[in-house]
Amino acid sequence: MKLKVYADRMSQPSRAVLIFCKVNRIDYEEIRLDISKGQHLTPEFAEINPMNQLPAIVDGRFKLFESHAILIYLACAFPGVADHWYPADLFKRSKIHSVLDWHHSNLRRGAAVYVMNTTIAHVIGRPSNPQAAAEAEKLLSSSLSKIESIWLKGNGRFLLGGNQPSIADLSLVCELMQLEVLDEKDRMRLLGPHKKVQQWIENTRNAMQPHFDEVHKVLMKVKEKLQNQRLKEANKAGRSDMKKQLISRI
Amino acid sequence: MKLKVYADRMSQPSRAALIFCKVNGIDYEEIRVDISKRQHLTPEFAEINPMQQVPAIVDGRFKLFESHAILIYLACAFPGVADHWYPADVFKRSKIHSVLDWHHSNLRRGPASYVRNTTLAPALGLPLNPQSAAEAEKFLSSSLSKIESVWLKDNGPFLLGGNQPSIADLSLACDILQLEVLDEEDRTRLLGPHKKVQQWIENTKNATQPHFDEVHKILMKAKEKHQNQRLKAANNGGRSDMEKPSHSRM
């Protein structure tokens, strides 16, 4: 019985799990749940994951949720997964645990809350919270600085001075990719100062192609759609500015 | 060279690390880092943990922070730690990972934030933030409900249906103990509805005595101090009420 992965490709941790499976040739069936349509909130899915969140996996009779727990399980349970993803060495492994733990309360909270309250909330019909967005931006910026000064300190191509990616690189980079849906101006303001982070994102993407880009296609389509909407709105605003000027002259 | 544990016993994750060491007979030196005196923000401590948070450990040349990563490391690196703390079985272990991960974004955000924004803020030199406190309370209540309906679903004395405690029980119980410093009324309102949680906390405490209570002494002293302050404030309120009418008659 094949591994089942319940995922929404708009969800950062869902993407990390899917990419991991593809890169490591783990045979799986993807079951798509659309968060924007509330498909994660059904009683059927609650049988799979009582927390009603994605991603979740079912491997035979074993069910698991929380993406970091899933990535670790897959690295351990499936043969052929190279050691660098989740090293057997206790010291290296512990450092990866500390990145993954730090991630929850820092980068993830900053990035996810910021993107939700500036962009996604509007798309899925939820109210947005500008104050939460402002606080999230601070957390996001400080997290990006910490990634540069601490996790990328060793001049390796990957976190913790690694020469090859681990599940920590995969998880954090998928989170940062969510910033693609932001207004270009905001995205540049947030990421622009962090050259090391930008390089590391590239390194991580390159190490996981073509799967990385393939799994991110849905996100990129949403990015394009939002960019077009913003252009339309900018044009409309331009035209109504001109109207106002004309009217004021009458 | 003995294990060094940098801790502040007012910090929930610090307490979890200390109790784990004591219960498992791990030889260590505790180095107190007083958060209320900003000792975690010194350049010296930044050498130990560049994130400037407690707990942190130094084992020989190996430094580590993030309490879950620390608990896992200790369970693996020290002989004589019983399997139930962090089982070798990949399925049981994965479930523990999912509790620990869930904890970061749920329960941990609750008590820590709620207590900080209502009671401990003045001691830490932080302004009180009633809105954050309100949100934290919502998180906390929903997290306590989820613990009962999901993690304690199997009616074992411990999380995930366990008959013995794991590092997940220790971590989450220490977080909930932080509520001890609250006003008795608030604490009863928050914890009162959750009988299963209350029982599970008792089970966890009993399984780790006398160390659990010993490590929590400082918190209990802080609880007593806050209770006395509230009593005084209530009495002062009474006296100034009596003074007002005589002023108005002058």
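None of these values were measured; they are calculated from a predicted model.

The rules we used
Residues numbered from 1 in each chain as written. Chains lettered and ligands numbered in written order. Predicted model: local features only at pLDDT ≥ 70, side-chain atom pairs only at ≥ 80, totals over all residues. Heavy atoms only, no water. Pairing = 2+ DSSP bridges. Helix = DSSP H or I, 4+ residues; strand = E, 2+ residues; numbered from the N terminus. Axes fitted to C-alpha atoms, helices over the stretch in contact; angles between N-to-C directions. Contact = heavy atoms within 4.5 Å. Salt bridge = Lys/Arg side-chain N within 4 Å of Asp/Glu carboxyl O. Buried < 20%, exposed > 50% of the residue type's maximum accessible area, 1.4 Å probe, protein only. Polar contact = N/O pair within 3.5 Å; in protein donor to acceptor, adjacent residues only side chain to side chain.

Trainee: I keep staring at the sheet that holds strand β3 (residues 56–59) of chain A and nothing clicks. Help me out?
Mentor: As a general point, the strands of a sheet are linked pairwise by backbone hydrogen bonds and lie either parallel or antiparallel. Residues and elements named next belong to chain A. Sheet architecture is open: four strands sit in the order β2-β1-β3-β4, paired in mixed fashion. Lying at the two open borders of the sheet, with one neighbouring strand each, are β2 (28–32) and β4 (62–65). Ignoring which end each strand starts from, the neighbouring axes of this sheet average 20 degrees apart. Bridge count between β3 and β4: four bridges; the pairing is antiparallel. Following the sheet pairing, I57 is matched in β4 by L64.

Trainee: How should the sheet that holds strand β2 (residues 28–32) of chain B be read in this particular structure?
Mentor: All names here are of chain B. Read across the open sheet, the four strands follow the order β2-β1-β3-β4; overall the sheet is mixed. Here the strands that pair on one side only, and so sit at the sheet edges, are β2 and β4 (62–65). Between one strand axis and the next, the sheet turns through 20 degrees on average, direction left out of account. When strand β3 (residues 56–59) meets β4, the two strands line up antiparallel, connected through four bridges. Among the inter-strand pairings, D59 is bridged to a residue of β4, identified as F62. Running at roughly 150 degrees to strand β1 (residues 3–7), helix α1 (residues 12–23) makes contact with β1 and β2 of the sheet.

Trainee: Explain the pattern of salt bridges to me, please; I cannot follow it from the model alone.
Mentor: Side chains bearing opposite charge may pair, as long as their charged atoms lie close to each other. Residues and elements named next belong to chain B. According to the stated counting rule, one finds 31 salt bridges over all chains in the structure shown. With a closest N to O distance of 3.0 Å, E214 and R9 form a salt bridge. Residue E214 is located in helix α10 (residues 211–215), and its partner R9 is located in the loop between β1 and α1; the two are separated by 205 residues in the primary sequence. Using a relative accessible area of 29% as the deciding quantity, one classes E214 as partly exposed.

Trainee: Explanation requested: the side chain of T208 of chain B in the structure shown.
Mentor: Residue and element names in this part refer to chain B. In this structure, T208 sits in the loop between α9 (195–207) and α10. We classify T208 as buried; its relative accessible area is 1%. There is a polar contact of 2.8 Å between the side chain of T208 and the backbone oxygen of T204.

What is shown is where atoms sit, not what they do.
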